[in-house]
Amino acid sequence: MSDKKHTVRTIQEMKDKKEIITMLTAYDYPTAKQINDAGIDMILVGDSCAMVVHGHPNTLGATMDMMVLHCAAVARACTRTMVIADMPFGSFQYSVEDAMRNAARFVTEAKVDGVKFEATPNHIEKTRAIVEMGIAVVGHVGLHPQAIGALGGMKVQGKDVETARKVVREALALQEAGAFMIIIEAVPAKLSAYITKKLRVPTMSIGGGPGCSGQLLVTPDVLGMFDKFTPSFAKRYQEFNKLMLQTFKQYAEEVRTGAFPDEEHSYAMSDEVLNAIQEEFEKKS
Ligand code: KIV
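Reading the values: the criteria
- Residues numbered from 1 in each chain as written.
- Predicted model: local features only at pLDDT ≥ 70, side-chain atom pairs only at ≥ 80, totals over all residues.
- Heavy atoms only, no water.
- Phe/Tyr/Trp six-rings, centres within 6.5 Å; stacked < 30°, edge-to-face > 60°.
- Buried < 20%, exposed > 50% of the residue type's maximum accessible area, 1.4 Å probe, protein only.
- Helix = DSSP H or I, 4+ residues; strand = E, 2+ residues; numbered from the N terminus.
- Contact = heavy atoms within 4.5 Å.
- 1 Å grid on protein atoms, 1.4 Å probe; cavity = no way out; pocket = protein on both sides within 12 Å on 5 of 7 lines; lining within 4 Å.
- Points joined across faces, edges and corners; volume = space filled by probe spheres on them.
- Nonpolar A, V, L, I, M, F, W, Y, C, P; charged D, E, K, R; others polar.

Novice: Before we go on, may I ask you to explain the packing of aromatic side chains in this structure?
Specialist: Note on aromatic pairs: each is described by the distance of the centres and the angle between the planes. All told, the structure shown has three aromatic pairs when counted by the stated rule. With centroids separated by 5.8 Å and ring planes inclined at 75°, the aromatic side chains of Phe226 and Phe229 adopt a geometry described as edge-to-face. A relative accessible area of 8% places Phe226 in the buried class. Given a relative accessible area of 39%, Phe229 falls into the partly exposed group. Aromatic side chains Tyr251 and Phe260 sit 6.1 Å apart centroid to centroid with 55° between the ring planes, which places their arrangement in the tilted category.

This is the structure:
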């Protein structure tokens, strides 16, 4: 494993050499540090942050200020892992200029390595404009969680000819506009594999099956830290919530019974100093 930071070039080389690309989400410094040290290739600071960190019912609760703050914390931890900022709802939809300004905030204020947004065909020109500014862009096709209102829920996309055609067209248009990677979310495995063969740039699956160039999951799902729901495509590798609950209960028990803090977790002082203080203050009163 190279110590060098991943770039658009090294990520493209991985696809060309048929090396599978690993990616996870992160929202804070300590988690990003472990992901970086574990040798994961890319981090997405997803707007899933609104749900899994801030407790909103969907991703629409994410704002630019919230995302910039989380991105900056993640970027400080990543010496090797490439960091991609997710542009929140309302940060790119209104105009090309708005999209460019907000993308620029992520690279100048948060120091991320690229941005990602849920670009429909109406937003292809924004992808092109941001790439022309010199910012690396990741496209996102299939399920767009920011469109939850119009979609009527988080549903698999591209199961019939019409919607499958839309997914393929969007992926091709994003590549043509300069996106260096395409995230494929909640799409049948056969369709993702077809898109991966058809595209020059790497694809990243989140619920897109094994035929993509890499795999992405939301870290709190992987760690078992998000208790509202787990998508069927997400694998829970740990049950951190249970571990946290058990730890906090044990802490409360030890504090209440006086078992914590013990001598090991307290600062020592010589009896002479204490006696001198006691004498001085007892005399005064
Ligand atoms: O916000 C996020 O974590 C995402 C992934 C689900 C692709 O956008």
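Novice: Help me out: how do you make sense of the environment of Val53 in this one?
Specialist: Residue placement: Val53 occurs in the loop between helix 3 (49–52) and helix 4 (64–77). In this structure, Val53 is in contact with Tyr27, Ser48 and His70, ignoring residues within four places of it in sequence.

Novice: Would you mind going over the layout of surface pockets with me for this structure?
Specialist: Gaps left between atoms are located by rolling a probe of water-molecule size over the structure's atoms. Counted as a void, the largest pocket has a volume near 520 Å³. For the lining of the largest pocket, a count of residues per class yields 19 nonpolar, seven polar and seven charged. In this structure, the second largest pocket encloses a volume near 380 Å³. In terms of lining residues, the second largest pocket is bounded by 22 residues, among which Met23, Leu24, Leu217, Val222 and Tyr237 are the most central. Those elements that provide at least two residues to the lining of the second largest pocket are strand 1 (21–25), helix 2 (29–37), strand 7 (203–206), strand 8 (214–217) and helix 10 (219–223). Among the elements that take part in the lining of the second largest pocket, strand 1 stands out by supplying four residues, more than any other. Per-class residue counts for the lining of the second largest pocket are 14 nonpolar, eight polar and no charged.

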